[in-house]
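In case you want the letters, here they are:
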Amino acid sequence: GGGGGGDQPGGCGRVGDGADEAADRGTGECLHAAGSRGPSQVDVDESDCLEFKLLEKEDCEALKMGSYLAVAQGSGFPPKFVDITYRPKGEVRKKVALVGKGLTFDSGGYNIKAGPGSLIEMMKFDMGGMGAVMGAMKVIGEIRPEGVEVHFISAMCENMVNENAFRPGDIITASNGTTIEVGNTDAEGRLTLADALVYAENLGDVDYIIDMATLTGAMIIGLGNDYAGFWSNDEEMAKMISESAKKGGEKIWQLPLPAEMLELTKSKIADLKNVGARAGGSITAALFLQEFVKKTRWAHIDIAGTAWNFGNSSATGYGVRTFVEFVDKLSKQ
């Protein structure tokens, strides 16, 4: 599986169990596992501190998650939206939502990944963000930090091509009413995350939201395979993430959220478009996601370069330690 877990229980290895699985088996098993109450090989029913909630397609439709469901509609597997809650004993002082991109396979859709360097054969690891979230769930469920309620969230699906798949040029509507022009079906991760972020904020009284995703190729170009990039709308939170990553031994680098670049995500026929300019692609992706968090302290971590070890062809488990250290830090405040 993935990288070792240091002095934390075995969450990192469990991330690898999912991301390493071949997509023809991993997709069905991963989505079926969500439906049978056991993502990331954790039997939540046996825990007295973890609660499992699964939203099926019809539940997501009722919540008007049109952005997420558009991505899912080309697959033969139904979408599964997972929310697992860790509830500590005693008083809850802080509430955190950890949101992971859960694309169990990403073909690119009608903007199909093609040609050298497209990495289509590697897109089983496009659920690396979800894997990190579920790995953190496993660890936090074992170490049981006091005073912090944690939600582990993923909008899981495939991005595939069939007669029902969404198309370039479509206009879709997210659950907060924002309309989105689909400029490229291969910029799908931000579409699933949009509705997941709205859901997380609507939980109520959430102090921090962190999303983690294998989101942009531009991240690999910018920071390589050792550093993840992150953005935050709150500098105190950004400092906490940097400190948590350092303590966990995971390399990370903060990048800006320049308001003037938000114009690159605007559409002439909708509120937003899901692709910006070629330049600064990771930044415009983060600015897009920020539009779906209105008031909560939020951070986005792009692990496109760090989720996979190409040397030994396995998932790294990147993100588990940073998540766990962040929650542990809050617990000790």
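Okay, so let's go over this structure. (Residues numbered from 1 in each chain as written. Predicted model: local features only at pLDDT ≥ 70, side-chain atom pairs only at ≥ 80, totals over all residues. Heavy atoms only, no water.)

Our focus in this paragraph is the layout of surface pockets. Gaps left between atoms are located by rolling a probe of water-molecule size over the structure's atoms. The space that makes up the largest pocket amounts to roughly 920 Å³. For the lining of the largest pocket, the secondary structure elements donating two or more residues are α6 (189–201), α7 (217–223) and α9 (281–290). In terms of residue count, α7 provides more of the lining of the largest pocket than any other element does, 4 residues in total. Here the residues of the lining of the largest pocket are counted per class, giving 12 nonpolar, 10 polar and 8 charged. (1 Å grid on protein atoms, 1.4 Å probe; cavity = no way out; pocket = protein on both sides within 12 Å on 5 of 7 lines; lining within 4 Å. Points joined across faces, edges and corners; volume = space filled by probe spheres on them. Helix = DSSP H or I, 4+ residues; strand = E, 2+ residues; numbered from the N terminus. Nonpolar A, V, L, I, M, F, W, Y, C, P; charged D, E, K, R; others polar.)

A word on the pattern of salt bridges. Close approach of charged atoms allows side chains of opposite charge to pair. Using the criterion set out here, one finds 15 salt bridges in the structure. Close ionic contact of Glu51 with Arg87 constitutes a salt bridge, the shortest N to O distance being 2.9 Å. Of this pair, Glu51 sits in strand β1 (residues 50–55) while Arg87 sits in the loop between β2 (80–86) and β3 (94–100), and the two are 36 residues apart along the sequence. Take Glu51: its relative accessible area is 39%, and that puts it in the partly exposed class. Its relative accessible area of 35% is what places Arg87 among the partly exposed residues. Here Lys247 ties to Glu325 by a salt bridge, and the two come within 3.9 Å at their closest N and O atoms. Residue Lys247 is found in helix α8 (residues 235–248), and its partner Glu325 is found in helix α10 (residues 320–331); the two are separated by 78 residues along the sequence. Overlapping salt bridges, with partners in common, bring together Glu51, Arg87, Lys95 and Glu149 in one network. (Salt bridge = Lys/Arg side-chain N within 4 Å of Asp/Glu carboxyl O. Buried < 20%, exposed > 50% of the residue type's maximum accessible area, 1.4 Å probe, protein only.)

Spatially, β6-β7-β11 is the arrangement adopted by the 3 strands of the open sheet, whose pairing is mixed. Edge positions in the open sheet fall to β6 (171–173) and β11 (272–273), since each of these has one partner strand only. Bridge analysis of strand β7 (residues 179–181) against β11 gives 2 bridges, and the strand direction is parallel. In the sheet register, Ile180 faces β11, and the bridge partner there is Leu272. (Pairing = 2+ DSSP bridges.)

This brings us to α6. Under the 1.5 Å per step criterion, the end-to-end length of α6 is 18 Å for 13 residues, consistent within 8% with the ideal 18 Å. The element α6 is extensively covered by neighbouring structure, given that 13 of its 13 residues are classed as buried. (Expected span 1.5 Å × (residues − 1).)

A word on a nonpolar patch on the surface. Residues Tyr110, Ile112 and Val161 make up a contiguous nonpolar surface patch of roughly 270 Å² in combined accessible area. Structurally, Tyr110 can be placed in the loop between β4 (102–106) and α5 (128–143). With a relative accessible area of 41%, Tyr110 lands in the partly exposed category. (Patch = residues over 30% accessible without salt bridge, like charges linked within 9 Å, V, L, I, M, F, W, Y side chains within 5 Å. Areas by Shrake-Rupley, 256 points an atom, 1.4 Å probe, with all protein chains shown as cover.)

What follows deals with the pairing of β3. Counting buried residues along β3, 6 of its 7 residues qualify, which places the element largely inside the surrounding structure. Two elements, β3 and strand β5 (residues 148–159), share 6 bridges in a ladder whose sense is parallel. Opposite Lys94, over in β5, you have Val148 as the bridge partner. Inspection of the sheet shows β3 paired to strand β8 (residues 208–213) by 5 bridges, in the parallel sense.

With that settled, the discussion passes to the packing of aromatic side chains. Counted according to the given criterion, the structure contains 6 aromatic pairs. Centre to centre, the rings of Phe125 and Trp308 are 5.4 Å apart; their planes meet at 15°, and the pair counts as stacked. Here Phe125, found in the loop between β4 and α5, pairs with Trp308, found in strand β13 (residues 308–309); they are 183 residues apart in sequence, far enough to count as distant. The class of Phe125 is buried, set by a relative accessible area of 5%. A centroid spacing of 5.3 Å and a plane angle of 50° characterise the contact between Phe288 and Phe292, whose relative ring orientation is tilted. Given the relative accessible area of 1%, Phe288 is considered buried. Look at Phe292 and you get buried, because its relative accessible area is 1%. (Phe/Tyr/Trp six-rings, centres within 6.5 Å; stacked < 30°, edge-to-face > 60°.)

Here we take up α9. Burial within α9 is extensive, with 9 of its 10 residues counted as buried. When α9 is considered as a whole, its buried residues turn out to be Gly281, Ser282, Ile283, Thr284, Ala285, Ala286, Leu287, Phe288 and Leu289.

The topology assignment puts Glu291 in the loop between α9 and β12 (297–302). A C-alpha to C-alpha distance of 10.0 Å links Glu291 and Asn176, two positions 115 residues apart in sequence. With residues near it in sequence (within four places) discarded, Glu291 still touches Asn176, Leu262, Lys266 and Leu272. (Contact = heavy atoms within 4.5 Å.)

For Lys64, which is not glycine, the phi torsion reads 60° and is therefore positive. Within the secondary structure, Lys64 sits in the loop between α3 (57–62) and α4 (66–72). A relative accessible area of 63% places Lys64 in the exposed class. A positive phi is found at Ser313, a non-glycine position, where the angle reads about 55°. Its location among the elements puts Ser313 in the loop between β13 and β14 (314–315). Its relative accessible area of 45% is what places Ser313 among the partly exposed residues.

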